[in-house]
Amino acid sequence: MIHLLHYHKSKGVDLHVNFPEKVSIRDVTLRDGLQNESVFIEAENKLGGLNEIIDAGFRRIEVTSFVHPKWVPALSDADELAKRLPKIPGIQYDALVPNIKGLERFLKTNIDTAVFFLSASTRHNEANLNRTTNESLVHVSDLISKTRSHNRKTMGAVATAFVCPYAGEVPYQEVERIVTTMVENGVDEVGLGDTIGKATPKMIYEYCSRIKDKYPDLTLSLHLHDTYGYALANIIAGIQSGVYIYDTAQAGLGGCPYAPGAPGNVQASQVVNFLERQGIETGIDIDKLKNTDQMFQDMVKKQTSV
């Protein structure tokens, strides 16, 4: 870890700016990137894209969701895809698990981590899951416990952790309450999502710093979008607060169907280039990402900025 010490004369305080030697980049293209697409990508093509993602250097990949096909047709091949995932040492696969039926499907696979989700904003949670945040928190806590009893890893994904498309800014205390409940139920990791890309670097730093101060041993990650062009600045703010895991998608694909105005996920090639140019290693080959960007653009027949 590199520590740069600055002295702010006007306030008389020391500010430590931290630049880690390395951060981890989690790829979410095959799940979050494709879930809202109108075209169905065959499992064979998804596996081809997965191989390219792995070849580029990604070691943690969210591959699908065990949601009912009625709700997310683009991921209706989750069970088939799970059976065909290449078994490669050092590669960790994650999958979104929405409920007990999804968990039953997940437990029949060799996927490493079950990702459970809810929204910090009750209004978004009701639009997305048709229940309050408190109801979802009870449900997620039960799923975490059941998954841990099978010795499988768990991640709690908190959507609208900063700003809600319906209710505006989400109070930090609500986010902390959710994180606390998950930690008490033994979750292995918590991911905070800026679902509509409207969080500011100040919000990212404040929320993440306070959580890391309270739970210094908690693995915390960030899921960012780029509505106002804040995503890269938010990554730096997250790094300063001690967060070293970030979600990205190839070609900036993605978006939430229940979050009006939500853009795609922050683009993998942009994040990798941004970090590597500052001497922060990602383990990702930036040149190979040009090919994966184009590959996924062609898959969904959509042109995005690269």
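Up top is the structure.
Note on numbering: residues in each chain are counted from 1, in written sequence order. With pLDDT at 70 or above as the cut-off, local features in this predicted model cover only qualifying residues; side-chain atom pairs require 80 or more to be listed or tallied, and sums for whole chains, interfaces and linings still use all residues. The basis for every side-chain value is the complete set of heavy atoms in the structure, and neither hydrogens nor water enter the calculation.

Novice: Hey, could you go over the packing of helix α10 (residues 268-276) against helix α11 (residues 286-300) for me, with residue numbers and the actual values?
Specialist: An axis is simply a line fitted to the C-alpha atoms; with a helix, the fit covers only the stretch in contact. Between two such axes, the angle follows the N-to-C directions and lies from 0 to 180 degrees. Comment: elements are numbered from the N terminus, with helices defined as DSSP H or I runs of at least four residues and strands as E runs of at least two. Between α10 and α11, the least distance of the axes is 9 Å, while the angle of their chain directions is 165°. By the angle class used here, α10 and α11 are roughly antiparallel. The two elements α10 and α11 meet at a crossing, and its hand is left-handed. Contacts between α10 and α11 involve Ala268, Ser269, Val272 and Asn273 from the first element and Ile286, Leu289 and Asp293 from the second. Split by residue class, the contact of α10 with α11 holds four nonpolar, two polar and one charged. For classification purposes, angles smaller than 35 degrees are called roughly parallel, those larger than 145 roughly antiparallel, those between 65 and 115 roughly perpendicular, and all remaining angles oblique. In this scheme the crossing of two helices becomes right-handed for a clockwise turn of the near helix relative to the far one and left-handed for an anticlockwise turn of less than a right angle. Any two residues whose heavy atoms approach within 4.5 Å are treated as being in contact. Amino acid classes used here: Ala, Val, Leu, Ile, Met, Phe, Trp, Tyr, Cys and Pro are nonpolar; Asp, Glu, Lys and Arg are charged; the rest, including Gly, are polar.

Novice: Explain helix α7 (residues 172-184) to me, and be specific about the residues and the numbers.
Specialist: For α7, built from 13 residues, the straight-helix expectation of 18 Å at 1.5 Å per residue is met to within 8% by its first-to-last C-alpha distance of 18 Å. Only protein chains enter the accessibility calculation, which uses a 1.4 Å probe; a residue whose area is less than 20% of its type maximum is buried, one above 50% is exposed, and one in between is partly exposed. The set of residues buried in α7 consists of Tyr172, Val175, Ile178, Val179, Thr180, Thr181 and Met182. Among the structural elements, β6 (113-119), α6 (133-148), β7 (153-159), β10 (189-193) and α8 (201-214) are those in contact with the buried residues of α7. A positive backbone phi angle near 85° is found at Gly186, which sits one or two residues after α7. Multiplying 1.5 Å by the residue count of a helix minus one yields the expected span of that helix.

Novice: Tell me about the side chain of Ser269, and name the residues and values.
Specialist: Within the fold, Ser269 resides in helix α10. For the purposes of these results, a polar contact is taken to be a pair of N or O atoms within 3.5 Å, where, inside protein, one atom must be able to donate a hydrogen and its partner to accept one; residues adjacent in sequence count only when each atom of the pair is a side-chain atom. Of the polar contacts made by the side chain of Ser269, one reaches the side chain of Gln267; its length is 3.1 Å. The contact partners of Ser269, leaving out residues within four places of it in the chain, are Ile286, Leu289 and Asp293.

Novice: Describe the nonpolar core, and please don't skip the residues or the numbers.
Specialist: The nonpolar core is taken to be a set of buried Ala, Val, Leu, Ile, Met, Phe, Trp, Tyr and Cys residues, with the residues joined through side-chain atoms within 4.5 Å. Counting residues in each nonpolar core, the largest one holds 80 residues, and the members touching the most others are Phe162 and Leu192. If one sorts the elements of this core by residue count, helix α2 (residues 43-56) sits on top with six residues. Leaving out residues up to four positions away in the same chain, Leu192 has contacts with Val158, Ala161, Phe162, Val175, Val179, Cys208, Ile211, Leu220, Ser221, Leu222 and His223. Listed in part, the five residues of the second largest apolar core include Leu96, Val115, Phe117 and Ala157.

Keep in mind that these numbers describe shape and distance, not what the molecule does.
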